[in-house]
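Notes for the structure review
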Amino acid sequence: MVLTREENDLLTRVGPGTLAGGLLRRYWHPVAAAEELTDDRPTKFVRILGEDLVLFKDRSGRVGLIADHCAHRGASLLYGRVEERGIACAYHGWLYDTEGSCLECPAEPAGSMFHLTVKHRAYPVRQFVGLYWAYLGPLPVPEIPRYDVWVREDGIRKVALYPRLDCNWLQAMENSVDPAHLQVLHQEFIGRGQKPVNTTRGYTDLVRGFEFSEAPYGIVKKRTYADGHMDQHPVIFPNILRQANATQIRVPMDDTHTNIFFVHFLPVRDRDGYDDENPEVIYVQPFKEPVAALHPFTMFNLNSVLPQDHMAWETQGPIADRTVERLATSDRGIVLFRNVLKREIVKVQQGLDPLAVVRDPDHAMIDTFLTESLQEGWYDPSGRPGGSTQRQEEPIRA
Ligand code: FES
Ligand SMILES: [Fe+2]
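A brief look at the structure comes next. If you're wondering where the values come from, they're calculated on a predicted model, not measured in any experiment. (Residues numbered from 1 in each chain as written. Chains lettered and ligands numbered in written order. Predicted model: local features only at pLDDT ≥ 70, side-chain atom pairs only at ≥ 80, totals over all residues. Heavy atoms only, no water.)

Some words on the overall build of the protein
Note the cut-off: A run of DSSP states H or I qualifies as a helix once it reaches four residues; a run of E qualifies as a strand once it reaches two. Both are numbered from the N-terminal end. Note that the radius of gyration is over C-alpha atoms, with the globule rule given as 2.2 Å times the number of residues to the power 0.38. Burial classes: relative accessible area under 20% of the type maximum marks a residue as buried, over 50% as exposed, and values in between as partly exposed (1.4 Å probe, protein chains only). Any two residues whose heavy atoms approach within 4.5 Å are treated as being in contact. In these tables, accessible area is a Shrake-Rupley quantity obtained with a 1.4 Å probe, and a residue counts as shielded only by the protein chains included in the view. Positive charge is attributed to Lys and Arg, negative charge to Asp and Glu, and no charge count is given to His or to the chain ends. Note that the charge is assigned to NZ on lysines, CZ on arginines, CG on aspartates and CD on glutamates.
Looking only at helices and strands, one finds eight helices and 22 strands in the protein. A compact globule built from 398 residues should have a C-alpha radius of gyration of about 21 Å, and the protein, at 22 Å, falls within 12% of that. Its C-alpha atoms give the protein principal-axis dimensions of about 80 × 55 × 45 Å. Looking at the protein as a whole, 54% of its 398 residues are labelled buried. Residue pairs in contact within the protein that sit at least 24 positions apart in sequence constitute 61% of those at least 6 positions apart. Accessible surface, the protein as shown: approximately 17,700 Å² in total, 52% of it carbon and sulfur. Taking the average location of the 44 positive side-chain charges in the protein and that of its 54 negative ones, the two points are 3 Å from each other.

Written out as structure tokens, the structure is:
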């Protein structure tokens, strides 16, 4: 299933008016850690799905996400001053509320109603599990789904913001339906004290096989080992990997950059002093030097699992050229993911909700095998970034 250039564009492009972008706009996406907006620093620049926006918290505590360039003559609202009613552009003071309504144009004559004609682009924002989430799609807004990792109450959460991934979002997602890479790419970190047969095969021979199935929220991949044990790491459609004790949320900034947010769940008996609206946030240091450069003008450190993944994804290119790849039988998960993506894009074109959009605010918690993951011990109880794919010496029981 080599793709044509048109098909590659269809699945990868995320800006306004694109088909994959239209699909991705049907979901809530995290855009910042809640703690990033403070009284001293009440604005944050956000690029998401090819749109340049500013997240801000006004002095009444309301949070908004509006277009970066002021509707007047385009100065950045990142430098706006917040007040009780909203954010005022630093240049001439046009004042916007969180809905994007313009409340005042200070230099207009007294009594002018001109400001009522100005409407600035604005998107709904919610705070959830320590993150601000944005919704850029058509109204009414759906719900943020109640996945077990995000809502279970028998533990605490930790959030980690990963270094910007300088490539298209689909490369990270295809990796999540590519179970064969684990035993090779990550061979230094999964051995539990054993040595691989050689570096070419890594631990490939320990795996008996893997299979995929569809679930109401995405795709479940199941890996069975020669010793009989099994692990399941679902992909929550369209842009989340559910692995170990975490969700890895890949949020496209534009066609060639991706933000990655982890939400970890750590089982604890005593939640005293824990605030689920403001869990601990970890800011993970870049995996390459120089940080903003692209292959081959940067070098990745490969000293844990996630840097290895970033190396593999980024070196495929800013947007992987899928017209020249050589898919093999072990890539069948990738073929499935692309087919599901195309199918769900068609659904959006037909005016239907795509896979994993949830509308009922009272829906039951959605089980993504968190209990099984915790029993398998595929996580680091410290919540250490990058450690979540390393299997512990002794499985940790939830
Ligand atoms: S450019 Fe923003 S008020 Fe003039
Ligand atoms: Fe990986």
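Concerning empty space enclosed by the protein
The probe, sized like a water molecule, is rolled over the atoms to show the empty space still left. For clarity, the cut-off: Residues are said to line a cavity or pocket when one of their atoms sits within 4 Å of a point; the points come from a 1 Å grid over protein atoms alone, cavities being sets where a 1.4 Å probe fits but cannot get out and pockets being open sets with protein on both sides within 12 Å along at least five of seven lines. Grid points are joined across faces, edges and corners, and a volume is the space filled by probe spheres set on the points. Amino acid classes used here: Ala, Val, Leu, Ile, Met, Phe, Trp, Tyr, Cys and Pro are nonpolar; Asp, Glu, Lys and Arg are charged; the rest, including Gly, are polar.
Across all of its chains, the model carries two cavities of 30 Å³ or more by this definition. Its volume calculated, the second largest cavity comes out at about 160 Å³. Taken together, 21 residues form the lining of the second largest cavity, with Tyr27, Trp28, Pro145, Ile240 and Ala356 sitting closest to its centre. In terms of residue count, the dominant contributor to the lining of the second largest cavity is strand β1 (residues 28-33) (three residues). For the lining of the second largest cavity, the per-class residue count stands at 17 nonpolar, two polar and two charged.

A look at the packing of aromatic side chains
We apply this condition: We call Phe, Tyr and Trp rings a pair once their centres come within 6.5 Å, taking the six-membered ring for Trp, and we label the pair stacked below 30 degrees between planes, edge-to-face above 60, and tilted otherwise.
Summed over the entire model, instances satisfying the criterion amount to 11 aromatic pairs. Cluster of aromatic residues (ring-pair linked, three or more members): Phe128, Trp133, Tyr147, Trp150 and Tyr217.

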